[in-house]
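# Architecture at a glance
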Amino acid sequence: MSWPALYAQLVGANRHSTSLGKVWLSVLFIFRVMVLVVAAESVWGDEQSDFTCNTLQPGCENVCYDQFFPVSHIRLWCLQLVFVSTPTLLVAMYVGYRNHRDKQRLVQVCVNKSQEEELETLKKRRLPIAGALWWTYACSLVFRLLFEGGFMYALYVVYDGFQMPRLVQCDQWPCPNLVDCFISRPTEKTIFTVFMATASSICMVLNMAELAYLVAKAVTR
Amino acid sequence: MPTLHATPWRLVKVCHMTHGARLQCFTLKWPANCKGGAERFPSSLDSHPCQTSGSALSSTLPPMPLTPPAEPDPEPKMNWASFYAVISGVNRHSTGIGRIWLSVLFIFRILVLVVAAESVWGDEKSGFTCNTQQPGCNSVCYDHFFPISHIRLWALQLILVSTPALLVAMHVAHRRHVDKRLYRLSGRSNPKDLEQIKTQKMKITGALWWTYVISLLFRIVFEVTFMYVFYMIYPGYKMIRLVKCDSYPCPNTVDCFVSRPTEKTVFTVFMLAVSGVCILLNIAEVVFLVGKACSKHLHNAGDSTMGAWIQQKLCSY
């Protein structure tokens with residue numbers, strides 16, 4: 001169970017999205033999940049082992065690292081991607097429920113051979129985004145926006161901006177006094193943080209555009 | 001031995017409880033001079049009479065696959081992906097709440113465990129530092145305070161919690177096997193009908209209902225047991241920054257520092273919250289199934305004695 005499995009689930013749900021939704025899914029998987037897996041994880045790979053403090057006091061590095069990095073960027077992004085992908089599954093569940101209900105209705109009405117062909121077309125058809133499906137879809141978009149915004153805000157608050165400092169000063173016990181601690185690869189981490197934040201904003205813009213499109217479509221109808 | 005001038009075949013009535021809890025009976029021909037097995041299903045009327053009299057008992061037990069038939073794989077891998085393939089096969093016979101539970105399990109527990117939590121606990125031993133240079137003290141203190149790592153406990157919990165669903169899969173396979181036999185014996189053995197048995201969705205009634213409810217109760221028991229074990233081993237759910245250790249060979253009481261305690265606390269709380277959500281979903285599913293059974297038998301109370309019995313058993317409190 002990993003990113004490919006999640007991708008398989010979401011692609012199945014993709015059939016009932018608008019075109020903007022399909023673009024959003026591609027941006028999510030290419031510019032965020034793939035970049036996370038192939039690039040960002042190796043940049044943050046040695047974050048604790050290469051976190052060096054100017055002291056020989058055992059335990060000081062552990063404690064200072066824990067104070068300045070309560071939750072690592074990588075884990076925050078993983079959780080963000082998991083949470084942001086989940087509302088799409090709401091839509092998939094609703095579509096599954098609708099298909100099940102229509103299938104039962106069909107079984108009761110038709111009793112002849114054309115039933116099988118009807119069932120096949122039922123499975124393959126694409127539901128128009130109207131009525132209860134519209135509301136489910138709009139809710140999933142709102143939740144996506146909330147999760148994206150929430151996680152970006154959390155990252156900004158925990159790390160005081162998107163820039164990774166080179167040096168932090170720490171005086172937690174058991175550090176003997178104020179010690180300098182040096183972070184590994186700060187510039188590379190800053191670049192990737194900015195990149196992921198940008199990709200996240202693009203996704204938010206796409207979601208807002210999709211929501212506006214749905215609302216406009218419903219209003220004109 | 002005197003030969004009997006009886007007909008070579010005798011007629012045997014075989015009855016079976018269908019999914020809708022109705023009794024369905026067939027009349028079959030069974031070789032008259034065969035002993036034993038007559039009251040059970042004969043394996044095949046085309047086979048030599050009495051061939052299976054010794055093995056009639058074994059032939060009545062259908063093969064019970066633990067996993068749905070998979071494509072031939074030269075190297076079956078034991079990882080979460082193959083586990084996912086096995087468990088999601090059960091999905092078709094679950095209720096709506098059961099499907100939601102399965103999605104929550106796979107997305108918020110297994111996926112988060114694999115992509116995030118495992119890297120947080122990855123350096124738990126190498127990052128565990130004690131304020132001493134005494135060799136062996138680090139290892140001994142780590143072992144004393146972390147008898148079993150959180151990650152391993154969660155992996156065991158997820159495996160044990162998902163497994164009762166296989167009880168349901170086994171029961172469904174057994175039912176399908178029985179149905180196939182009945183179809184064949186009653187003459188409806190064209191491949192289309194047999195295919196239909198494979199693809200039809202079983203209704204959760206009769207014995208399958210009991211299997212399903214028992215599997216749900218087992219799930220709840222396993223979840224709660226693991227949460228309790230967690231609390232006993234790591235009281236308070238919070239990961240401490242510093243532990244004081246004086247096991248041999250540490251010279252005196254030494255300070256040992258745990259790596260990434262805050263991040264570990266965040267993930268522990270997250271995993272426990274999702275575990276709580278899963279317990280609630282399972283309880284809701286049990287209540288839903290019991291309510292559905294009660295209302296169904298209240299409606300059918302006048303039709304059959306079985307309905308009255310169940311109504312009395314389930315709804316009389």
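Bear in mind the structure is a predicted one, so any value in this text is a computation, not a measurement.

## Considerations on the UniProt feature "transmembrane region" (unreviewed entry) in chain A
Mapped onto this structure's residue numbering, the UniProt feature "transmembrane region" (unreviewed entry) falls at residues 23-40, 74-97, 132-159 and 191-216 of chain A. Summarising residues 132-159 of chain A: 96% helix, 0% strand, and an end-to-end C-alpha distance of 41 Å.

## Things to note about the UniProt feature "transmembrane region" (unreviewed entry) in chain B
All names here are of chain B. The positions that UniProt labels "transmembrane region" (unreviewed entry) are, in the present scheme, residues 100-117, 154-174, 207-234 and 267-290. Summarising residues 154-174: 95% helix, 0% strand, and an end-to-end C-alpha distance of 32 Å. A distance of 35 Å separates the end C-alpha atoms of residues 267-290, which is 100% helix and 0% strand.

## With respect to the UniProt feature "domain: Connexin cysteine-rich" (unreviewed entry) in chain A
UniProt feature "domain: Connexin cysteine-rich" (unreviewed entry): in the numbering of this structure it lies at residues 147-214 of chain A. Secondary structure across residues 147-214 of chain A divides into 60% helix and 12% strand, with the first and last C-alpha atoms of the span separated by 20 Å.

## Here we look at unusual backbone geometry
Here A:W173 and A:P174 are connected by a cis peptide whose omega angle stands at 10 degrees. Within the element layout of this structure, A:P174 appears in the loop between β2 (167-170) and β3 (179-182). Within the chain, A:D160 stands out as a residue other than glycine whose phi angle is a positive 55 degrees. Structurally, A:D160 is set in the loop between α6 (132-158) and β2. Residue A:D160 is classed as exposed on the basis of its relative accessible area, which comes to 72%. Of note, B:R260 is a non-glycine position whose phi angle comes to about 50 degrees, a positive value. Along the polypeptide, B:R260 turns up in the loop between β5 (254-257) and α9 (261-299). Overall, the relative accessible area of 5% leaves B:R260 in the buried class.

## Points about the UniProt feature "domain: Connexin N-terminal" (unreviewed entry) in chain B
UniProt records the feature "domain: Connexin N-terminal" (unreviewed entry) at residues 119-152 of chain B, using the numbering of this structure. This span, residues 119-152 of chain B, is 41% helix and 6% strand, and a straight line between its end C-alpha atoms measures 13 Å.

## Observations regarding the interface of chain B and chain A
Each side of the interface is counted separately: chain B has 35 residues, and chain A has 32 residues. Here chain B packs against chain A, burying approximately 2,800 Å² in sum over the two surfaces, 64% of which is carbon and sulfur. There are three salt bridges connecting chain B and chain A. The residue B:R260 makes a salt bridge to A:E47 at a minimum N-O spacing of 3.2 Å. Counting residues per element, the ones that place at least two in the side of chain B that touches chain A are α2 (80-88), α3 (96-120), β3 (129-130), β5 and α9 of chain B. With 12 residues, α3(B) is the single largest residue contributor to the side of chain B that touches chain A. Among the residues forming the side of chain B that touches chain A, the class breakdown is 22 nonpolar, six polar and seven charged.

## Brief notes about the state of the cysteines
In the structure shown here, the tally under the stated rule is six disulfides over all chains. Through a disulfide, A:C53 is tied to A:C181; the S-S separation comes to 2.0 Å. The sign of the 105 degrees torsion about the S-S bond sets the A:C53-A:C181 disulfide as right-handed. Residue A:C53 is located in strand β1 (residues 52-53), and its partner A:C181 is located in strand β3; the two are separated by 128 residues in the primary sequence. Neither residue differs from the other here; A:C53 and A:C181 are each classed as buried. Bridging B:C130 to B:C256, the disulfide has an S-S length of 2.0 Å. Here the disulfide of B:C130 and B:C256 is right-handed, its torsion about the S-S bond being about 105 degrees. Of this pair, B:C130 sits in strand β3 while B:C256 sits in strand β5, and the two are 126 residues apart along the sequence. Taking relative accessible area as the criterion, B:C256 reaches 0% and is therefore assigned buried. What connects to what in chain A, once the bonded cysteines are numbered by sequence position, is 1-6, 2-5, 3-4.

Basis of the calculations
- Residues numbered from 1 in each chain as written.
- Chains lettered and ligands numbered in written order.
- Predicted model: local features only at pLDDT ≥ 70, side-chain atom pairs only at ≥ 80, totals over all residues.
- Heavy atoms only, no water.
- UniProt positions renumbered as here; feature names shortened; annotations may be inferred.
- Helix = DSSP H or I, 4+ residues; strand = E, 2+ residues; numbered from the N terminus.
- Buried < 20%, exposed > 50% of the residue type's maximum accessible area, 1.4 Å probe, protein only.
- Contact = heavy atoms within 4.5 Å.
- Buried area = accessible area lost by both parts, 1.4 Å probe.
- Salt bridge = Lys/Arg side-chain N within 4 Å of Asp/Glu carboxyl O.
- Nonpolar A, V, L, I, M, F, W, Y, C, P; charged D, E, K, R; others polar.
- Disulfide = S-S within 2.5 Å.

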